[in-house]
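The lines below spell out each chain.
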Amino acid sequence: MQAASALTTMDKRGGFQRATSKHRAVINDDFPAEADRYHLHIALACPWACGVLAMLKLKGLDHVISYSIVHPTWGKTKPDDDSDKHHGWIFKNPGDEAFPNSLGHGLFECDDALIPDTVTNCKSVREVYELCGDFKGPFTTPVFYDKKTSTIINNESIEIMRMLNFDFNEFAKYPDINLYPVEEEKSLMELNDSLVYPKINNGVYKCGFAHSQEAYDQAVKELFEALEEVEVRLSKTRYLVGDKFTWLDLRLFMTMVRFDPVYTCYFKTNKKRLVDYPNLLGYVRDIYSMDEVKGVINMKHIKTHYYTSHPVHNTFGIIPVYDGPDLNEPHDREKITNSLS
């Protein structure tokens, strides 16, 4: 059986289809909230996983939930099996020997941001999945892993974020931080389901991994219509649904912080840039000014992953120089008062 990657599912017209996350347990009687029981497998390059790590930091839970950080360049997940061609997230130690992309081009260092998986001692995220009985994949991050039962609890980022927000408050350094305000629950989910996730978060991937002009044209049209809508919305309110920073803002930020340095080039989303949207740019700078969020943004990992892991899109693994706009510039978003109708 051929192991799946996150890029193997396409529809009949060449459109990218993201696989549905399969591991969907939550914190409950079977998996209670306990200190030092759970572990996260994180790719700093991945917007979904990076959002989970930001939530962990925002709640102050990194002292009770451990995490590991993969190398940004996909590597061979079965290095001793020449017949297995799968490449994916692998663990390395800081200072390990640099290695090339899957075609042998370039050399990509093992930097100090890497944290090997000392919980399972697995060498790849695929190995973690297989340890837990999932041999098919796709072998994605984030992974929320239970050390006690050697089980993947969940690999759906939006659900992991919610668990971190609510279920570990007795251990959290910042239990009063709540990115899921009950009064906005319905409006946030509607905005996510109709606009932010399908047309922006996943929309950039539908542009970048399209296998036909038709699929690309449709995805890029939807993406930029959505960005125009968000730009107007952010002219009226500091965050997406008012003056409170929420989980949906964190999810949108994780896409937009990658937009100019990666997606405009690599995913061909070049109709406009983040810097061409003054309200969106200020919004990204506003969120980036939060220390816990800024601390998980590693532009080197972000660019290295995208430009070196899919050689069908960038054969020689050449990484462009641009890191995007300066996000440390003043944002002035605190002056905006909520005027959504």
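These numbers come from a predicted model, not from an experiment.

Parameters at a glance
What you see as residue numbers is a count from 1 along each chain, following the sequence as written. In keeping with the predicted nature of the model, local features appear solely for residues at pLDDT of at least 70, side-chain atom pairs appear and are counted solely at 80 or more, and the whole-chain, interface and lining totals rest on all residues. The basis for every side-chain value is the complete set of heavy atoms in the structure, and neither hydrogens nor water enter the calculation. Note on aromatic pairs: the rings of Phe, Tyr and Trp (six-membered ring only in Trp) are paired at centre separations within 6.5 Å, and the planes decide the class, stacked below 30 degrees, edge-to-face beyond 60, tilted for the rest. In this text, helices come from DSSP runs of H or I with a minimum length of four residues, and strands from runs of E with a minimum of two, each type numbered from the N-terminal end. Three exposure classes are used, based on accessible area relative to the maximum for each residue type with a 1.4 Å probe and protein chains only: buried under 20%, partly exposed in between, and exposed over 50%. Working rule for contacts: check all heavy atoms of both residues, and any pair within 4.5 Å makes them a contact. Nonpolar core, defined: a set of buried Ala, Val, Leu, Ile, Met, Phe, Trp, Tyr and Cys residues in which side-chain atoms within 4.5 Å join the residues together. Both cavities and pockets are sets of points on a 1 Å grid over the protein atoms alone; in a cavity a 1.4 Å probe fits but cannot get out, in a pocket the set is open with protein on both sides within 12 Å along at least five of seven lines, and lining residues sit with an atom within 4 Å of a point. Grid points are joined across faces, edges and corners, and a volume is the space filled by probe spheres set on the points. Only the stretch in contact is used when a helix axis is fitted, and all axes are lines through C-alpha atoms; the angle between N-to-C directions ranges over 0 to 180 degrees. Put simply, angles under 35 degrees are roughly parallel, angles over 145 are roughly antiparallel, angles from 65 to 115 are roughly perpendicular, and the rest are oblique. With the far helix as reference, a near helix turned anticlockwise by less than a right angle produces a left-handed crossing, and one turned clockwise produces a right-handed crossing. Should DSSP find at least two bridges between two strands, the strands are regarded as paired. By this rule, a helix spans an expected 1.5 Å times one less than how many residues it contains. One axis fitted to the seven residues ending at a residue, another fitted to the seven starting there: the angle between these axes is the bend at that residue. Consider the strands pointing away from the viewer: the crossover is right-handed when the path from the first strand over the helix to the second runs clockwise.

**Remarks on the packing of aromatic side chains**
Here's step 1: Throughout the structure, instances matching the rule amount to 23 aromatic pairs.
Here's step 2: Judged by centre distance (5.9 Å) and plane angle (90 degrees), the ring pair of Trp74 and Trp89 falls under edge-to-face. You can see Trp74 sitting in the loop between strand S2 (66–69) and strand S3 (75–76) and its partner Trp89 sitting in the loop between strand S4 (87–88) and helix H2 (125–131), a full 15 residues away along the chain. Per residue, the accessibility class of Trp74 equals that of Trp89, and both read buried.
Here's step 3: Centre to centre, the rings of Tyr205 and Tyr306 are 6.5 Å apart; their planes meet at 45 degrees, and the pair counts as tilted.

**Topic: helix H8 (residues 259–266)**
Here's step 1: Within H8, 7 of the 8 residues are buried, leaving the element largely enclosed by the surrounding structure.
Here's step 2: When we look at burial in H8, the residues that qualify are Phe259, Asp260, Pro261, Val262, Tyr263, Thr264 and Tyr266.
Here's step 3: Of the surrounding secondary structure, the elements contacted by the buried residues of H8 are helix H1 (47–59), helix H5 (203–208), helix H6 (213–233), helix H7 (247–256) and helix H11 (299–309).
Here's step 4: After H8 finishes, the residue Lys268 shows a positive phi value of roughly 60 degrees.

**A short note on unusual backbone geometry**
Here's step 1: In this structure, Pro138 follows Gly137 across a cis peptide bond, with omega equal to 5 degrees.
Here's step 2: That bond from Thr141 to Pro142 is cis: its omega, 5 degrees, falls within 30 degrees of zero.
Here's step 3: Take Pro142: it is sitting in the loop between H2 and strand S5 (143–146).
Here's step 4: In the Ramachandran plot, Asn121 falls in the positive-phi region, its phi being about 65 degrees despite a non-glycine side chain.
Here's step 5: Among the structural elements, Asn121 can be located in the loop between S4 and H2.
Here's step 6: The backbone of Asp332 sits at a positive phi, close to 60 degrees, despite the residue not being glycine.

**With respect to the nonpolar core**
Here's step 1: Counting residues in each nonpolar core, the largest one holds 101 residues, and the members touching the most others are Phe144, Leu240, Leu280 and Ile297.
Here's step 2: Dropping the residues within four chain positions of it, Phe144 is found in contact with Ile27, Tyr38, His39, Leu40, Ile65, Thr151, Ile152, Ile153, Asn154, Ile160, Met163 and Phe168.

**A look at empty space enclosed by the protein**
Here's step 1: A full pass over the atoms with the stated rule returns 1 cavity of 30 Å³ or more.
Here's step 2: Volume-wise, the largest cavity comes out at about 40 Å³.
Here's step 3: Taken together, Pro47, Trp48, Gly51, Met161, Arg251 and Met254 make up the full set of residues lining the largest cavity.
Here's step 4: No other element matches H1, which puts 3 residues into the lining of the largest cavity.

**Notes on the packing of H1 against H7**
Here's step 1: Where H1 meets H7, the axes come as close as 9 Å, and the angle between the chain directions of the two elements is 130 degrees. Looking at the two axes, H1 sits oblique to H7. As H1 runs across H7, the sense of the crossing is right-handed. Residues Pro47, Trp48, Cys50, Gly51, Ala54, Met55 and Leu58 of H1 pack against Leu250, Arg251 and Met254 of H7.

**Side note on the sheet that holds strand S1 (residues 38–42)**
Here's step 1: Ordered by their spatial adjacency, 4 strands build an open sheet running S2-S1-S5-S6, and the pairing between neighbours is mixed. The sheet is open, and its two borders are formed by S2 and strand S6 (151–154), each paired with just one other strand. The average undirected angle you get between the axes of adjacent strands in this sheet is 30 degrees.
Here's step 2: Relative to S6, S5 runs antiparallel, the two sharing 3 bridges. Bridging from a neighbouring strand, Phe144 pairs with Asn154 of S6.
Here's step 3: Together, S1 and S2 form the strand contacts of H1, whose direction differs from that of S1 by roughly 140 degrees.

**Thoughts on helix H4 (residues 185–201)**
Structural remark: α-helix, 3.6 residues per turn; residues separated by three or four positions point the same way.
Here's step 1: Counted at 1.5 Å a residue, the expected span for H4 with its 17 residues is 24 Å, but the 19 Å between its end C-alpha atoms falls short.
Here's step 2: Where H4 bends most, the angle comes to about 50 degrees, and this point is Asn192.
Here's step 3: Taken residue by residue, H4 has Leu188, Leu191, Asn192, Leu195, Val196, Ile200 and Asn201 as its buried positions.
Here's step 4: Packing partners of the buried residues in H4 comprise H1, helix H3 (157–166), H5, H6 and H7.

**What about the pairing of S2?**
Here's step 1: Pairing between S1 and S2: 4 bridges, direction parallel. From the neighbouring strand, His41 faces S2, where its bridge partner is Ser68.
Here's step 2: For the segment spanning S1, H1 and S2, crossover handedness is right-handed.

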